[in-house]
Amino acid sequence: MFDKLGAAGIVGVLVILGGIGLLAWVDPLIAAGIGLVVAGLGLVLYGLVTNVLASFGMGGMV
């Protein structure tokens, strides 16, 4: 998975995890909520990309 992200994607993932980790240190309940929101956004984006690629006839690429 990380080979498809590139350097900017890996840094982005580290920044997100660092931010949630810092927030978890301050308030774990809010960090859990934000973690769920980030995971939900990731699933929505995955669904969108899958459907767009399928509409172009490239559904097997994901």
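Residues numbered from 1 in each chain as written. Predicted model: local features only at pLDDT ≥ 70, side-chain atom pairs only at ≥ 80, totals over all residues. Heavy atoms only, no water.

**Student:** Hey, could you run me through the overall build of the chain in this one?
**Tutor:** Assigned secondary structure in the chain consists of two helices and zero strands. Its C-alpha atoms give the chain a radius of gyration of 15 Å, clearly above 11 Å, the size a compact globule of 62 residues would have. Judged by the C-alpha coordinates and their principal axes, the chain covers about 45 × 25 × 10 Å. Per-residue burial for the chain yields a buried fraction of 3% across its 62 residues. Summed over its atoms, the accessible surface of the chain is roughly 4,900 Å², and 81% of this surface lies on carbon and sulfur atoms. (Helix = DSSP H or I, 4+ residues; strand = E, 2+ residues; numbered from the N terminus. Rg over C-alpha atoms; globule rule 2.2 N^0.38 Å. Buried < 20%, exposed > 50% of the residue type's maximum accessible area, 1.4 Å probe, protein only. Areas by Shrake-Rupley, 256 points an atom, 1.4 Å probe, with all protein chains shown as cover.)

**Student:** Help me understand a nonpolar patch on the surface in this model?
**Tutor:** A surface patch of nonpolar side chains, about 300 Å² in accessible area, is lined by Ile 16, Ile 30, Ile 34 and Val 38. Per-element accounting of the nonpolar patch gives the leading share, three residues, to helix H2 (residues 28–55). Relative to the elements of secondary structure, Ile 34 occurs in helix H2. (Patch = residues over 30% accessible without salt bridge, like charges linked within 9 Å, V, L, I, M, F, W, Y side chains within 5 Å. Salt bridge = Lys/Arg side-chain N within 4 Å of Asp/Glu carboxyl O.)

**Student:** Would you mind showing me how to read H2 here?
**Tutor:** Residues that lie three or four places apart on an α-helix share one face, since the helix turns once every 3.6 residues. When the terminal C-alpha atoms of H2 are compared, their 41 Å separation across 28 residues agrees well with the 40 Å that a helix rising 1.5 Å per residue should span. Gly 57 sits one or two positions beyond H2 and adopts a positive phi of about 85°. (Expected span 1.5 Å × (residues − 1).)

**Student:** Explain the environment of Gly 35 to me, please; I cannot follow it from the model alone.
**Tutor:** As for its position among the elements, Gly 35 is in helix H2. Sequence separation of Gly 35 and Leu 22 is 13 residues, and the distance between their C-alpha atoms is 12 Å.

**Student:** What am I meant to see in the environment of Leu 5 here?
**Tutor:** Here Leu 5 is to be found in helix H1 (residues 2–26). Not counting chain neighbours up to four residues away, the residues in contact with Leu 5 comprise Ile 10 and Val 13. (Contact = heavy atoms within 4.5 Å.)

**Student:** I tried to follow the environment of Leu 23 on my own but got confused; where do I start?
**Tutor:** Mapped onto the secondary structure, Leu 23 falls in helix H1. Sequence-wise, Leu 23 and Ile 34 are 11 residues apart; in three dimensions their C-alpha atoms are separated by 9.1 Å. Those residues in contact with Leu 23, other than ones at most four positions away along the chain, are Pro 28, Ile 30, Ala 31 and Ile 34.

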